[in-house]
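The chain contents come next:
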Amino acid sequence: MKRREFIRSTAFAGATGLLGNNCSPMKSQTTHSGPGFDIHPFIKNHPEAVFVSITDIKDKGDSESIRKEGKSLAEDIIVPVMSGGYTASTRVIVKPNWTGARPMDGKPVFEKLGVNTDPYFIEGWITGMRRSADCDFYIRESGSPHFWKDMGYYTVAERIDVNLRDLSSMDMWELKKGKDLNFVEIPDGVVFRETAYMAPVNEPGTFLVNIAKFKAHGMGITASVKNIQGLCPKTFKQFCTRYDTLRETYDKRYHIYFKRDFEKHIEALYRKHLDNGIPRWDKPGENGGIWMEQWVNRMLDSYTVTRPALSIVEGIYSQDGTGFGIGPHEPSGKYGITSRDYMSNVLLFGLDPFRIDIVTHWLAGHEPGNFGLFHIGIERGFSDVLDPHDIPVYLWKDGQAIPAKLSSLPRTPLVTYYLQRDYAGQKEPRFHLCDEPFDYSAWKLGARAGECTPAITELGSDRNGNIVMEMSVTERTDAYVEVLNSRGERLWRLMADGLEPGVHQVVWDGFASPGLYNFYVKGMGWDAERKVVMYSS
């Protein structure tokens with residue numbers, strides 16, 4: 001029995017699986033006749049691929065050349081169509097990474113321009129895309145709108161007639177639901193029950209272009225998946241807030257949007273992933289593995305309902321360090337910037353943000369298998385690959401896709417402060433590369449991150465109040481799962497014949513009252529159990 005067949009069989013047994021979803025990234029695509037636009041057919045027909053365009057810009061201050069690169073790329077990969085694709089009435093949303101660059105003396109700080117997606121690239125992209133898509137364009141970003149004027153972003157938006165609104169400085173009750181903000185339920189979320197997005201994000205008839213920046217950050221290399229975080233407005237966007245302080249620090253009016261028991265769920269998932277050996281998850285403390293656990297799951301909750309139609313990483317120039325101008329170097333320039341920007345001259349794009357980000361991490365000198373986001377993304381059904389060398393890569397040149405080897409591409413090492421190994425006798429520098437070897441062969445054989453041992457654990461409850469369990473299986477086997485009460489009486493049993501090795505989720509829909517329960521799984525020659533006190537669903 002394959003993993004997804006097992007999930008399906010549990011549904012017939014009165015339980016439901018929690019893997020994957022049917023969310024489409026193409027929120028506006030319908031069958032229609034008449035002029036419109038679409039993604040280049042080769043790209044559209046190769047969703048598994050990552051495309052790389054090599055640029056040749058000498059100076060990050062060469063705004064005209066950067067604008068031309070954005071325009072040229074858009075003209076190449078957004079094409080006019082007479083039927084199918086996207087209609088002329090589609091609203092195009094562009095999401096740059098315009099976060100806390102902190103201008104000084106009323107203008108951007110040149111030494112740390114690499115904090116943000118270059119605004120001239122955004123200008124060029126929209127200008128070029130308009131050649132095929134004569135639509136209304138919106139720029140949506142929640143990061144540091146109080147800096148936009150001095151950073152020149154309003155000037156760019158006015159010059160190309162794009163809707164750029166600050167929808168993140170005010171609390172949700174100061175904005176209009178359905179006009180300024182859209183609220184979307186998160187099916188089977190870990191942290192969110194429901195969350196808000198800045199309109200028109202997640203509305204029908206929209207096309208989301210996600211244009212991230214090639215830069216280091218506390219989460220590794222920020223790239224495509226993380227860039228989606230900034231589509232949420234004030235408070236909702238604070239995915240990095242410590243899970244155990246959220247209810248204390250957030251206004252109580254926000255509490256209803258979070259799952260009732262998400263703290264327990266995060267702690268259970270952290271224990272499981274720690275046992276599974278996700279690299280660096282053993283870092284202790286409030287900024288350790290459990291902090292990353294909550295960020296990853298909150299990020300993936302949002303990703304459940306927010307899928308870009310097209311993702312791009314703008315890496316004409318890149319930045320190392322914290323992602324905010326702080327790094328391991330000697331102070332530079334008038335304002336003593338300690339990060340460094342590099343002319344990396346690379347643009348990555350495609351349909352799959354996870355695959356783009358895996359290749360992006362590799363190009364930044366890191367080993368993607370060392371990052372929990374990619375492991376948990378696979379576990380939650382959003383991705384199916386971890387090894388960057390398993391991803392088809394094409395060089396994009398003059399409108400043509402040319403197969404390429406990953407090893408042939410230029411790399412720009414970007415040090416990060418991601419889960420620094422400064423514990424248990426380790427003395428890793430604060431800023432480092434996560435380039436330690438990762439055994440992809442073992443992972444592909446079912447070990448995932450580390451050795452898989454028979455186990456069963458509770459993950460919490462789903463939105464219907466049913467108890468979610470996860471079990472690890474080491475070999476193909478006939479197995480069964482049982483729930484026993486404190487007197488050893490069997491309350492529920494599920495058979496699974498021909499179960500394949502790996503990690504599987506099942507849901508017990510018979511939970512009725514608090515108490516001590518024993519979760520038990522048995523295969524051919526092995527078993528595992530876990531005693532759990534359940535307070536409520």
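What comes next is a walk through the structure. (Residues numbered from 1 in each chain as written. Predicted model: local features only at pLDDT ≥ 70, side-chain atom pairs only at ≥ 80, totals over all residues. Heavy atoms only, no water.)

The next thing to look at is the side chain of Gln420. Secondary-structure assignment places Gln420 in the loop between β16 (400-404) and α13 (440-447). A relative accessible area of 15% places Gln420 in the buried class. A distance of 2.8 Å separates the side chain of Gln420 from the backbone oxygen of Glu428, its partner in a polar contact. With residues near it in sequence (within four places) discarded, Gln420 still touches Arg280, Lys283, Glu428, Pro429, Arg430 and His432. (Helix = DSSP H or I, 4+ residues; strand = E, 2+ residues; numbered from the N terminus. Buried < 20%, exposed > 50% of the residue type's maximum accessible area, 1.4 Å probe, protein only. Polar contact = N/O pair within 3.5 Å; in protein donor to acceptor, adjacent residues only side chain to side chain. Contact = heavy atoms within 4.5 Å.)

Applying the stated criterion to the full structure yields 3 cavities of 30 Å³ or more. Reported here for the second largest cavity is a volume of approximately 70 Å³. Lining of the second largest cavity is provided by Met219, Ile221, Thr222, Val225, Lys226, Trp295, Asp357, His361, Phe371, Leu373 and Phe374. Of all the elements in the fold, those that place two or more residues in the lining of the second largest cavity are α7 (223-227), α11 (353-363) and α12 (372-379). Residue composition of the lining of the second largest cavity, grouped by class: 7 nonpolar, 2 polar and 2 charged. (1 Å grid on protein atoms, 1.4 Å probe; cavity = no way out; pocket = protein on both sides within 12 Å on 5 of 7 lines; lining within 4 Å. Points joined across faces, edges and corners; volume = space filled by probe spheres on them. Nonpolar A, V, L, I, M, F, W, Y, C, P; charged D, E, K, R; others polar.)

Another point: the pairing of strand β17 (residues 455-461). Counting buried residues along β17, 6 of its 7 residues qualify, which places the element largely inside the surrounding structure. When β17 meets strand β18 (residues 467-473), the two strands line up antiparallel, connected through 6 bridges. Within the sheet, the bridge partner assigned to Glu458 lies in β18 and is Met469. (Pairing = 2+ DSSP bridges.)

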